[in-house]
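Chain by chain, the residues:
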Amino acid sequence: MFTGMNSSFDPARHPRGLDGRFTPAPPPEDPDIGLAADLADPTPAPAPSSAVLPDSLEERLRLAANPACPPATLVFLAGDEDEDVRRCVAANPNTPAGTLAELAADPDEIVRQRVAYNDSTPPEVLAADPDGRVRAGVAAGSNTPPDLLTRLAEDESDGVRWHVANNPNTPPETLTHLAADTAAAVRSAAAGNPNSPPEALTVLADDHESRASRRYVAANPNTPPDVLDRLAVDGDWRVRRGVAGNPNTPPGALAVLAADPDEHVRAVAEAGLPDTPPDRVAELARYDNNRVRRRVAMRAGLPAAILAELAADPELDVRCGVANNPATPPELLVFLAGDEDEDVRRCVAANPNTPAGVLAELAADDHEWVSEAARSNPGFSAPGVAAHAGLLAD
């Protein structure tokens, strides 16, 4: 896989050269899905090669928390009488699926919660758990199948439904259903989901009980232009800022927003206007607001030098904007494919300019959303790419 990205982009140091938050609304307080902090010392302990376990509780905790701990050892530790050891085993990415299924019936609810948030856990195992926090973990899972998310969309817990509404694997028709949910937080999560269809977003644009819903609709790239025209004159400046940053916003609405009374709204709109002078675009690329820089990063025909500068931006949203831009050159996409954040790698994986060799590596990414985006890229069908991805995955 790719190594971690450097703090700045230097093409000379990347000789391989040629070959996207939405920020979700915070979940409702019910249920409290926060997990208790690990009691184990975070310093990894050397993992023994045999199933001979130490007598010391401290050593067993360190062993159970060690991501390099062999699966066979974790199987033994899963039967430990100490609940803190079992909690660490439940959260360990090396714990076998069968052992996680057994821990799903553990009497300790924190053990079950951690099983629910472990990507190796078969989602069906905990979907009917009596603890809402456990079901919320299933609803948040990247490997939870769409049909199970649809079932969880009917859950009695607002927190579970919020996670369903926020999960990018949730089917469009389920998100349309959640757009009419009784909980405002659930509706706002659906409004920010990139899978939400235009018809659901049109309904949510009129959600006057939840300003958050309108804000997320304004920023969602699936929102129809006529709805964005309407939201461009919304009384909430955050809604107008979202419209200004939306790539679907019609030029007429952007021109109106470029004269908005709020300076941040004006700057975001300027960053998106096609006739903004190059000198001003260069200034906006260094603006002290990440939404402005992200909108610059999404511009068509942006000079490569500005794209390279923004590719090393400290803000995730800005790097996603560069990774999403069809004008981003392949050498920058190679650089961004090594980003530590999976959202940036997912955007690279979906970019039509991403080189075939990079797609093969991203198709073997540990994060399922990244892998699926790479395999869905038309470039993945090039001869030999799929076979190379299979070798990398092995």
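What follows is about the overall build of the protein chain. The secondary structure content of the protein chain amounts to 25 helices and zero strands. When burial is assessed residue by residue, the protein chain has 51% of its 394 residues classed as buried. Carbon and sulfur atoms provide 53% of the accessible area of the protein chain, an area that totals close to 17700 Å².

Once that is clear, we can look at the pattern of salt bridges. Between side chains of opposite charge, pairing is possible as soon as their charged atoms come close. Scanning all chains against the criterion turns up 25 salt bridges. Across the pair Asp-80 and Arg-60 runs a salt bridge whose closest N-O atoms are separated by 2.5 Å. With Asp-80 in the loop between α2 (71-77) and α3 (83-91) and Arg-60 in helix α1 (residues 57-65), this residue pair connects regions lying 20 residues apart in the sequence. In this pair, the class of Asp-80 matches that of Arg-60, namely buried. A salt bridge links Asp-234 to Arg-214, with the shortest nitrogen-to-oxygen separation between them at 3.0 Å. On the criterion of sequence distance, the pair formed by Asp-234 in the loop between α13 (225-231) and α14 (237-244) and Arg-214 in helix α12 (residues 211-219) is long-range, its members being 20 residues apart. Residue Asp-234 is classed as buried on the basis of its relative accessible area, which comes to 11%. A single salt-bridge network, built from bridges that share partners, covers Glu-83, Asp-84, Arg-87 and Asp-108.

By secondary structure assignment, the location of Thr-354 is in the loop between α22 (342-350) and α23 (356-362). In this structure, Thr-354 is in contact with Leu-333, Val-348 and Leu-359, ignoring residues within four places of it in sequence.

In this section: the nonpolar core. Note on soluble globular proteins: their nonpolar side chains tend to be buried together. Val-296 and Leu-310 are the most contacted members of the largest nonpolar core, which totals 98 residues. Residue contacts for Val-296: discarding those within four places in its chain leaves Ala-271, Val-281, Leu-284, Ala-285, Leu-302, Ile-306 and Leu-310.

Looking now at α1. Within the sequence span of α1, burial applies to Arg-60, Leu-61, Arg-62, Leu-63 and Ala-64. Buried-residue contacts for α1 involve α2 and α3. Between the side-chain oxygen of the N-cap and the backbone nitrogen of Glu-58 there are 3.3 Å, and the N-cap of α1 in question is Ser-56.

So, about the packing of α12 against α14. For any two helices packed against each other, the geometry is given by the interaxial angle and the distance between the axes. Between α12 and α14, the least distance of the axes is 7 Å, while the angle of their chain directions is 15 degrees. Considering the angle they form, α12 stands roughly parallel to α14. Considering only the axes of α12 and α14, their crossing is right-handed. On α14, the residues touching Arg-211, Arg-214, Arg-215, Ala-218 and Ala-219 of α12 are Arg-238, Val-239, Gly-242 and Val-243. Residues belonging to the contact of α12 with α14 are distributed by class as follows: four nonpolar, one polar and four charged.

Moving on, we get to the confidence of the model for the protein chain. Per-residue confidence for the protein chain gives a mean pLDDT of 86; residues scoring 70 or more make up 84%. Note on residues 1-26: pLDDT under 50 across the span, and 65 contacts to partners over four residues away in sequence or across chains.

One way to put it is that helix α18 (residues 290-297) packs onto helix α20 (residues 316-324) with a least axis distance of 8 Å and a crossing angle of 5 degrees. Our classification of the angle between α18 and α20 gives roughly parallel. In contact with Asn-290, Arg-293, Arg-294 and Ala-297 of α18, α20 contributes Asp-317, Val-318, Gly-321 and Val-322. Here the contact of α18 with α20 is composed, by residue class, of three nonpolar, two polar and three charged.

This part is about the environment of Arg-375. With respect to the element layout, Arg-375 can be found in helix α24 (residues 368-376). Overall, the relative accessible area of 41% leaves Arg-375 in the partly exposed class. Here the alpha-carbon distance between Arg-375 and Leu-362, two residues 13 residues apart in the chain, equals 8.5 Å. There is a polar contact of 3.2 Å between the side chain of Arg-375 and the backbone oxygen of Ala-363.

Moving on: helix α19 (residues 304-311). Of all the positions in α19, only Ile-306, Leu-307, Ala-308, Leu-310 and Ala-311 are classed as buried. Among the structural elements, α17 (278-284), α18, α20 and α21 (330-336) are those in contact with the buried residues of α19.

Before going further, it helps to examine the environment of Ala-139. In this structure, Ala-139 sits in helix α6 (residues 132-140). Residues Ala-139 and Tyr-117, spaced 22 residues apart in sequence, show a C-alpha to C-alpha distance of 9.3 Å. Residues contacting Ala-139, with those up to four places away along its chain left out, are Leu-149, Leu-152, Val-160, His-163, Val-164 and Asn-167.

If you trace the backbone, Ala-189 turns up in helix α10 (residues 184-192). Not counting residues within four places of it along the chain, the set of residues in contact with Ala-189 comprises Trp-162, Ala-165 and Asn-166.

Criteria and thresholds
Residues numbered from 1 in each chain as written. Predicted model: local features only at pLDDT ≥ 70, side-chain atom pairs only at ≥ 80, totals over all residues. Heavy atoms only, no water. Helix = DSSP H or I, 4+ residues; strand = E, 2+ residues; numbered from the N terminus. Buried < 20%, exposed > 50% of the residue type's maximum accessible area, 1.4 Å probe, protein only. Areas by Shrake-Rupley, 256 points an atom, 1.4 Å probe, with all protein chains shown as cover. Salt bridge = Lys/Arg side-chain N within 4 Å of Asp/Glu carboxyl O. Contact = heavy atoms within 4.5 Å. Core = buried A, V, L, I, M, F, W, Y, C linked by side-chain atoms within 4.5 Å. Polar contact = N/O pair within 3.5 Å; in protein donor to acceptor, adjacent residues only side chain to side chain. Axes fitted to C-alpha atoms, helices over the stretch in contact; angles between N-to-C directions. Parallel < 35°, antiparallel > 145°, perpendicular 65-115°, else oblique. Left-handed = near helix turned anticlockwise from the far one by under 90°. Nonpolar A, V, L, I, M, F, W, Y, C, P; charged D, E, K, R; others polar. pLDDT = per-residue confidence, 0-100.

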